[in-house]
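So you can see what is in the structure, the chains are spelled out below.
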Amino acid sequence: MSVANPANEAPQDGATVQRPPAEVRYADELARLRDTDTGERPPGWALSLTAARRFIVGDPSAGVSRKFVGDPSLIDRALVSLATSRGLMLVGEPGTAKSLLSELLAAAVSGDSTLTVQGGAATTEDQIKYSWNYALLVAEGPNQRSLVRAPLLRGMAEGKVVRFEEITRCPLEVQDCMLSPLSDRVLAIPELTGPDAMVFARDGFNVIATANTRDRGVNEMSAALKRRFNFETVFPIADFDTELALVEAEAGALLRRSGVTAAPRRDVLEVLVTTFRELRTGQSARGDTMERLSAVMSTAEAVSVAHAVGLRGWFLRREAGTAEDLVSCLAGTAAKDNSDDLAKLRRYLEQQLTWRGGAQWKALHAARHQLPG
Amino acid sequence: MTTTFIGVRHHSPACARLVADTIRALRPAHVLVEGPADMNDRVGELLLGHDLPVAVFSSYRDDDRQSGSWAPFCAYSPEWVALQEGHRAGARVRFIDLPSWDPALAERQNRYADAEQRYAEVVDRLCATFAVDNVDALWDHLFEIPPADGLAERLAAYFDLLRGETPVSDGDTGREAYMARWIRAAAADAGERPVVVVTGGFHRPALIRLTAGAAEDVGWPDVPALPEGAVGGSYLVPYSFRRLDAFDGYQSGMPSPEYYQQLWENGPRHAADQLVTAVVGRLRDRKQQASTSDLIAASASAAGLALVRGHQHPGRTDILDGLAGALVHDALDEPLPWATRGRLRAGTHPVVVEMVAALSGSRVGRLHPSTPLPPLVHDADADLEREGLNGDRTVTLALTTDDGLRRSRLLHRLRVLRIPGFTRRHGPRTGVDPVLDEHWDITDHEHRLVALIEAGAYGATLEEAAAAALAERIRDADVAALADALFDAALCGTVRLSGQVLRDLDAAVGGAADLGALGRLLAVVLTLWRHDRLLGTAGSEPLGAVITAAQRRALWLAEGVRGATIPAEPARIDAVVAVRDTMVHAGRRLGLDPLIPLEVMRRVAADVDAPPDLRGAAFGFAWAADAATADPETTGSPPDAVDAGGAGPADEAGGIGNADPADDPGVVGGVEAAGGAGGVDHAGGVHGAVRAVRGAAAPATVGDWLAGLFAVAREEVLHAPRVLDVLDDLVSGMGEAEFLIALPALRQAFTYFPPRERETVAGHLLARRGIGGPGRALLRPPAVDPVLIAAAKELEARVDAVLIREGLLA
């Protein structure tokens, strides 16, 4: 999740790009870091390790914004993994900004975050390695012109970082096509002959994969593939104030975009963020342990609930959202279609609110009956 | 006259080295060290040549509070090095801080915990500036790993920044003023010779400020005397790396003592190698995989991380990060502990746990043989002598006599401290059983002295030490162990528990996951709190706090049990009974809100996903509570609900179930309002019960449901013949197959009635069918020919023998 909100730029064909890639959004900062970079660059890298680190964790003295909220040591480990011969696997709950981190890392290391494979049940090897332009293939046979390069092939040939999003959503056999590029650093194209038949990875090539811990067991990774990655777990934001500030900023921006002029109320957001954090960690502020919800209670979800609360309040009553709106919106996020989660949420609203002071907590408790079901 | 102030972080090898170098270079007249001034007469004891770590333990007791605190020393403690080097350089070495019992230090268990942790905001800002995870990483980055050039200036700059304009607590201000008096006196005494002052870096700026300019000789300050009526003292005890480690203990200073020991002895490069060796050795010992290629990857990552972070050699976190990256091939459930600080959390990856343990080390200190024995040894000897419990013997103690109780407590305290040679053969096991005497085997065990010296770290008297040991046990206990620990506390006569222990108790109860175990805890503690005049725990405040917490937690857990088809569990039902008893017997005295449990129980009773036994019990709870406050006019029971043959629910007012109404009359008073709020679903009284019984009538679950009901609301059922009628109709209406399904659980349910009440039920059933006579006949099966029974038994034995022979039965 982005802390800074850079203005959109780089209009193409008169229209504004909704979300330009990180290397475009932060082009100034990257250029500044590149110009002042005195550190030694690993072979094929656009920046030195220290400059890449400053790009992500921020360096106010150089006018570089902090782009990722999390332990700085995580960034160190991720960058060092990318400089070694192992790939980097970012795992964690959904909504913990794994994809953003992978984008920032790729932009810092290669200056290009667009070599991306989106994993899914329908992902095939073609979309990862290469495929053919069939008209040219029929006309000219297999050659460099008829070859359509997919991200992995391009990353290897150009010496860039390839991003593989949601790798565990791919079938196991598709995942395994990453094995030889990662260990032997070579990709064979048997249809071509001569030197074109083997693409050797150039310096700077590596892979950042992301995987969702909620998908564990759906498509478990093979041990062979696991061994070729260094695992880094990305955790939800540990600090309450940081998370609250982030939710406030992001939800405020979303609401403004939706035409709501009332800013979200801070006391309602505090209740919301506390609720999310307690249901996520399974521990109340008083120290009681509870079962965690099986639904995702990420910061991103908190932002979307805060957005929904604001919309409800504004379009129903022309005011900022209240704790009652929160109850209605929580059901959709926290419980979804899972009756167990709904029961857990109800139990939380019934038993874990009464001992707290604060008007919004009381309002939330009073509104608990609005929970559907 | 020059005074050199060295601000240190406690347990920092870099600071220790600076202290040693400074003292060697200056050869000062006085070395002043932050530490308990009441130890000054006995500094010699510290110089005897102990195996480190050791600690100065200070105990204190007066009418209001009781505390114990430690000032631990290891080889790389700057304070320790100052003592040793100062002595070697011929300086006069003194401690200059207030004694540990002073109110300024009252809440501290470890004198050498980081002061800046109390002022966390500045530290957070610094960590953000240097982009490191926490203060430990920051410290290594700034001071432990870089070369020592200009260390003193860097430390001074760091602590000046840290102290800055931060307002400090009154306690710290008082300590600083006291330390400044020692420094002024030493400076005046030293004349032209140098003075070295070694204190926590956080205090350094203030001490410089306070001692600047003032040169007049004010004389040495007095060591504060213990307040009137208070008992206390300081003495040396062995300590351990485990207790020193911030990942394990409370209020500790730096983490990973074994790593810093290596750093102190051999420098960063060797410490790094040693660390990797220790981790891999440990992992392989535990059959965890750590291949050569993993190690290569770990070293490469550690070197890379050191490079990124600008370290000349890989530091502690570089290596740990490198190892974690190479050895952990899964998603983590908990963040890496060195990124967060504090104690290890449950769910930490096992490889990470081993890594942390390897860095912690297992060193245990040992005192030099000529160290004066800790007072506990003398106290224990004197107590045993006085009570005539020396030598090998077997004693029987009557707990009802003062004499017996006093001796029993003495023996239990020794047992709790794990002093060998004191074994109890017989005695009360819980507060519930009516056992009034104890048998003990006492032997003069060869390890008694050693064990007493070790236990000396817990306190100066057996009473104190046992209380401290129990406090430690409570801190680590789960709910099942908690009941034992509390009972042990009762046996030891430890009625007062400190605020910290109460918080630990609260946390342990708040983390309980098993309703049955929690119910047992609640039942035991409630009994101790209500009745126990023998051990003197009746009405004790800590137990009251436990009851409050356990009741709250039991309600939380009760509402979370899922599974409409899971079988009955007596422990779960008993937990509801315990909650009910709590409300009846302790509700008013502990100020528990009667509405909260009632609402929870109503929700559980109505929850189709809850197990039937729990629903039945919850229904019984609500019924009993309603009955207790019911007024025939307002219960809302239609007239037909009140059976002419039985007493109406109104007769039950004042008590619930088998509660003793005299104990806490009317405690559930006020629930009436809730009854109204509950809506039509909770139509109270017999009518509601009839409907509920009909609703629970599925053959597979009716027995479990009734078991819950009978356990909690036996009396109500007996006095509501209409409920029995409905039940009778339901059972009579079952087909044979259904009846066979329902039978085992029904049997179990009716065991909640004692025989006399079962007879009442049977009599009612007979009367319903127009058959006269006592119900006893119905309960007693017709006599069977004993020969037949013998034949059946023989047949069973033969079948068993065959099955066992063929290996079909274990």
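These figures come from a predicted structure and were not determined experimentally.

Caption draft 1: Representation of the overall build of chain B. Along chain B, the regular secondary structure elements total 33 helices and 10 strands. Looking at chain B alone, contacts between residues at least 24 apart form 76% of all its contacts between residues at least 6 apart.

Caption draft 2: Layout of the overall build of chain A. Per the secondary structure count, chain A includes 17 helices and 9 strands. Viewed in the frame of its principal axes, chain A has a C-alpha envelope of about 75 × 45 × 40 Å. The buried share of chain A, taken over its 373 residues, is 47%.

Caption draft 3: Quick look at the domain arrangement of chain B. Residues and elements named next belong to chain B. The assigned domain composition of chain B is domain 1 (3-239), domain 2 (257-360), domain 3 (559-752) and domain 4 (780-810). A straight line from the C-alpha centre of domain 1 to that of domain 2 covers 31 Å. Looking at the side of domain 1 that touches domain 2, the elements that each hand over two or more residues are helix 1 (13-26) and helix 5 (135-144). With 5 residues, helix 5 is the largest single contributor of residues to the side of domain 1 that touches domain 2. The residue makeup of the side of domain 1 that touches domain 2, split by class, is 9 nonpolar, 3 polar and 4 charged.

Caption draft 4: Quick peek at the interface of chain A and chain B. Each partner contributes to the interface: chain A provides 34 residues, whereas chain B provides 34 residues. It is helix 4 (residues 72-83) of chain A that provides the largest number of residues to the side of chain A that touches chain B, a total of 8 residues. Partitioning the side of chain A that touches chain B into residue classes produces 11 nonpolar, 11 polar and 12 charged.

Caption draft 5: View of the nonpolar core. Counting residues in each nonpolar core, the largest one holds 274 residues, and the members touching the most others are B:Val525 and B:Ala554. Considering each element in turn, this core owes the most residues, 12 residues, to helix 10 (residues 257-285) of chain B.

Caption draft 6: How the structure looks around the sheet that holds strand 10 (residues 437-442) of chain B. Residue and element names in this part refer to chain B. If you trace the 3 strands from one edge of the open sheet to the other, you get 8-10-9, paired in antiparallel fashion. The sheet is open, and its two edges are formed by strand 8 (393-398) and strand 9 (422-426), each paired on a single side. The mean inter-strand angle of the sheet, taken between neighbouring strand axes irrespective of direction, is 30°.

Caption draft 7: The confidence of the model for chain A, seen in detail. This prediction gives chain A a mean pLDDT of 85; 94% of its residues lie at or above 70. In the predicted structure, residues 1-12 of chain A sits below a pLDDT of 50 and forms 28 contacts with residues beyond four places in sequence or in another chain.

Caption draft 8: Just the packing of helix 16 (residues 402-416) of chain B against helix 19 (residues 479-492) of chain B, in detail. Residues and elements named next belong to chain B. Two elements in contact, helix 16 and helix 19, have axes separated by 8 Å at closest approach and are oriented at 140°. Classified by the angle their axes make, helix 16 and helix 19 are oblique. Touching Arg409, His412, Arg413 and Val416 of helix 16 are Asp488, Leu491 and Cys492, all from helix 19.

Caption draft 9: A look at the sheet that holds strand 2 (residues 30-36) of chain B. Residues and elements named next belong to chain B. Strands sit in the order 1-6-2-5 across an open sheet of 4 strands; the sheet is parallel. Edge positions in the open sheet fall to strand 1 (3-8) and strand 5 (92-97), since each of these has one partner strand only. Each strand of the sheet is rotated relative to its neighbour by a mean of 25°, with strand direction disregarded. As judged from the 5 bridges shared by strand 2 and strand 5, these two strands associate in the parallel manner. Looking at the pairing, Val31 lines up with Val93 of strand 5. Helix 3 (residues 78-88) contacts strand 1, strand 2, strand 5 and strand 6 (195-200) of the sheet and is inclined by roughly 145° relative to strand 2.

Caption draft 10: Main features of the environment of B:Ala564. Residue and element names in this part refer to chain B. Considering the arrangement of structural elements, one finds Ala564 in the loop between helix 22 (541-558) and helix 23 (570-586). Taking the C-alpha atoms as reference, Ala564 lies 42 Å from Ala791; in sequence the two are 227 residues apart. With near-sequence residues (within four places) excluded, Ala564 lies in contact with Val608, Asp609 and Pro611.

Caption draft 11: Here's a closer look at the pairing of strand 8 (residues 206-212) of chain A. Residues and elements named next belong to chain A. Judged by how many residues are buried, strand 8 sits mostly within the fold: 7 of 7 residues are covered. Neither face of strand 8 is exposed, since Asn206, Ile208, Thr210 and Asn212 on one face and Val207, Ala209 and Ala211 on the opposite face are all buried. Relative to strand 8, strand 1 (residues 87-92) runs parallel, the two sharing 5 bridges. Residue Gly92 lies in a different strand from strand 8, and its bridge partner there is Asn212. Relative to strand 8, strand 5 (residues 161-165) is paired through 4 bridges, and the arrangement is parallel. Opposite Val162, over in strand 8, you have Val207 as the bridge partner.

Caption draft 12: Broad picture of the packing of helix 4 of chain A against helix 11 (residues 292-308) of chain B. Here helix 4 of chain A crosses helix 11 of chain B at 120°, and the two axes come no closer than 9 Å. Considered as vectors, helix 4 of chain A and helix 11 of chain B are oriented oblique to each other. For the pair helix 4 of chain A and helix 11 of chain B, the crossing hand works out as right-handed. In this structure, helix 4 of chain A contributes A:Asp76, A:Arg77, A:Leu79, A:Val80, A:Ser81 and A:Ala83 to the contact, and helix 11 of chain B contributes B:Ser301, B:Gly304, B:Leu305 and B:Val308. In the contact of helix 4 of chain A with helix 11 of chain B, the residues fall into 5 nonpolar, 3 polar and 2 charged.

The rules we used
- Residues numbered from 1 in each chain as written.
- Chains lettered and ligands numbered in written order.
- Predicted model: local features only at pLDDT ≥ 70, side-chain atom pairs only at ≥ 80, totals over all residues.
- Helix = DSSP H or I, 4+ residues; strand = E, 2+ residues; numbered from the N terminus.
- Contact = placed C-beta atoms within 7 Å.
- Buried ≥ 20, exposed ≤ 12 C-beta atoms within 10 Å, placed from the backbone.
- Domains from an automatic or database assignment.
- Nonpolar A, V, L, I, M, F, W, Y, C, P; charged D, E, K, R; others polar.
- Core = buried A, V, L, I, M, F, W, Y, C linked by C-beta atoms within 7 Å.
- Pairing = 2+ DSSP bridges.
- Axes fitted to C-alpha atoms, helices over the stretch in contact; angles between N-to-C directions.
- pLDDT = per-residue confidence, 0-100.
- Parallel < 35°, antiparallel > 145°, perpendicular 65-115°, else oblique.
- Left-handed = near helix turned anticlockwise from the far one by under 90°.

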